[in-house]
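# What the coordinates show
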Amino acid sequence: LVVAIKDKSHVDVKGANYRQDNSIVGRASHKFWDAAFDYLQMTVVPWSESASLPSNRQYIFAVHPHGIHCTPLGLFHRKDTPFDRRFPGICENKLSGLAASVVFKLPGVREFFLALPYIDASRSVAEKALKEDRSLFVCTGSGEESLLTRRGEDVLVLSKRKGFIRLALSYGCDVVPIFGVGNSDLFQTYSFGMG
């Protein structure tokens, strides 16, 4: 608990690419994502056949919908994913994911995220990453969108989520929308007690 409270690894953007974490949790995290890709067989379908994302540009990848778990974020977690093969050079460049501050306060979960290229989603940390010429990937609907997950229905929370657009405009980044088809259908959800 002291580490989760005192350690500030999640706000340090230097070296947050693909951490070579050989801890038990780090290895388990990478094994989990290997298994997820083997099981889910994600593919990337770009907006056009000639689509390109030059690796020397700075991007904010806005991923939708959150679902119970924003599985499409896994396309950016590591090298040799379907996204990395379709748009080479981006995943091996300076790329960090943004995760809610609360995940870095939960022992075990915290290490799981730190083993991947995640940093804190606070505005100050995101700005620090962009100043370091990093690209970001984020599920813009956050926990609010997660609570609205229903099978067969993709619910997006965008009208109140403009911070990533403001960041892109402030730092001259391209915003690339990513939509995970079928992500809301991965889990059975129940609305009991949700109003």
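Described below are features of the structure shown in this document. (Residues numbered from 1 in each chain as written. Predicted model: local features only at pLDDT ≥ 70, side-chain atom pairs only at ≥ 80, totals over all residues. Heavy atoms only, no water.)

In this section: the overall build of the protein. Per the secondary structure count, the protein includes seven helices and five strands. Within the protein, the fraction of its 195 residues that count as buried is 43%. Here the analysis covers contacts within the protein between residues at least 6 apart in sequence; of these, 75% occur between residues at least 24 apart. Carbon together with sulfur atoms contributes 57% to the accessible area of the protein, which is approximately 10,700 Å² in total. (Helix = DSSP H or I, 4+ residues; strand = E, 2+ residues; numbered from the N terminus. Buried < 20%, exposed > 50% of the residue type's maximum accessible area, 1.4 Å probe, protein only. Contact = heavy atoms within 4.5 Å. Areas by Shrake-Rupley, 256 points an atom, 1.4 Å probe, with all protein chains shown as cover.)

Counting residues in hydrophobic clusters, the biggest one holds 28 residues, and the most contacted among them are Leu-53, Phe-61, Phe-76, Phe-83, Ile-90 and Tyr-118. The residues touching Phe-61, leaving out its near neighbours within four places in the chain, are Leu-53, Phe-76, Phe-83, Ile-90, Leu-95, Leu-136, Phe-137, Val-138, Val-176 and Ile-178. (Core = buried A, V, L, I, M, F, W, Y, C linked by side-chain atoms within 4.5 Å.)

Okay, unusual backbone geometry next. Residue Asp-133 is not a glycine yet carries a positive backbone phi of 65 degrees. Mapped onto the fold, Asp-133 is located in the loop between α5 (123-131) and β4 (135-139).

In this structure the tally under the stated criterion is three salt bridges. The salt bridge involving Asp-80 is made with Arg-85; its shortest N-O contact spans 3.3 Å. You can call Asp-80 exposed: its relative accessible area is 54%. Residue Arg-123 is joined to Glu-127 by a salt bridge in which the shortest nitrogen-to-oxygen separation is 3.3 Å. Of this pair, Arg-123 and Glu-127 both sit in helix α5, four residues apart, which is roughly one turn of that helix. For Arg-123, a relative accessible area of 40% translates into the label partly exposed. You can call Glu-127 partly exposed: its relative accessible area is 22%. (Salt bridge = Lys/Arg side-chain N within 4 Å of Asp/Glu carboxyl O.)

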